[in-house]
Amino acid sequence: MINSIINIFHTQAQQHKSLKAFYYGRNYELGSGKDLYPLLWLEDPLTGYSRGNVFSNSVNFSILLLPDKEHTVAEVQSLAFSIGLNIIERIKKQGDELGVSIQPDWSYLTLSNYYDDNACGCRFTVNFTQANMQNLCLIDEQFDNGKQFEVANLLKSFDVSPANTCEVFTDKFPVFDLKTRR
């Protein structure tokens, strides 16, 4: 399901004529100076909860551009809002095909001087529902009632009875003789 959400936004970004890049990651990765603008940034983490056989998901994505001498911050934010609105409406339009239904309670937040490269734009929070795609007939195949966890050794084993009388143990704990008093 996580991949399907990422793929929905990746496809929208890839097919939108104004966008040059798509990224999925944490916010602290923004503004690295190596990003292509304009871009769609889908924020990690994605959130959701289950209501019966339907998942209610919430995602945050940002449309970011770099302002220049010809375009003010407000003009760039307005363009970013328009691009984000295009994406939301297209997902609504393709909802049956994508298997999602956008809820009418989405919101936006304008961004300016965002992170190190001073990008501007809009951040959208979109809520949508998605059917539970788990095949319930296969649940029992995912479990083994007799399974036991493997027990890991805490220390590497080494031979304590060497073949010759002069053996160097490389796995032995070091002995320190540190003076603690004068």
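Residues numbered from 1 in each chain as written. Predicted model: local features only at pLDDT ≥ 70, side-chain atom pairs only at ≥ 80, totals over all residues. Heavy atoms only, no water.

Asks: Would you mind showing me how to read helix α1 (residues 2–15) here?
Replies: Residue pairs three or four apart in sequence face the same way in an α-helix, which turns once every 3.6 residues. Compared with an ideal rise of 1.5 Å per residue, which puts 14 residues at 20 Å, α1 spans 20 Å between its outermost C-alpha atoms and is within 8% of the ideal. Taken together, the buried positions of α1 are occupied by Ile-5, Ile-6, Ile-8, Phe-9, Gln-12 and Ala-13. Buried residues of α1, seen end-on, are gathered within an arc of 155° and therefore sit on one face of the element. Exposed residues on α1 whose side chains face more than 90 degrees from its buried face are Asn-3 and Gln-14. (Helix = DSSP H or I, 4+ residues; strand = E, 2+ residues; numbered from the N terminus. Expected span 1.5 Å × (residues − 1). Buried < 20%, exposed > 50% of the residue type's maximum accessible area, 1.4 Å probe, protein only. Arc of directions from axis to C-beta.)

Asks: I'm lost on helix α2 (residues 73–93) in this one. Help?
Replies: The first and last C-alpha atoms of α2 sit 30 Å apart over 21 residues, in line with the 30 Å expected at 1.5 Å per residue. For α2, the complete set of buried residues consists of Val-76, Gln-77, Ala-80, Ile-83, Gly-84, Ile-87, Ile-88 and Ile-91. Looking straight down α2, one finds its buried side chains confined to an arc of 135°; they lie on one side. Residues of α2 that are exposed and point more than 90 degrees away from the buried face comprise Ala-74 and Lys-93.

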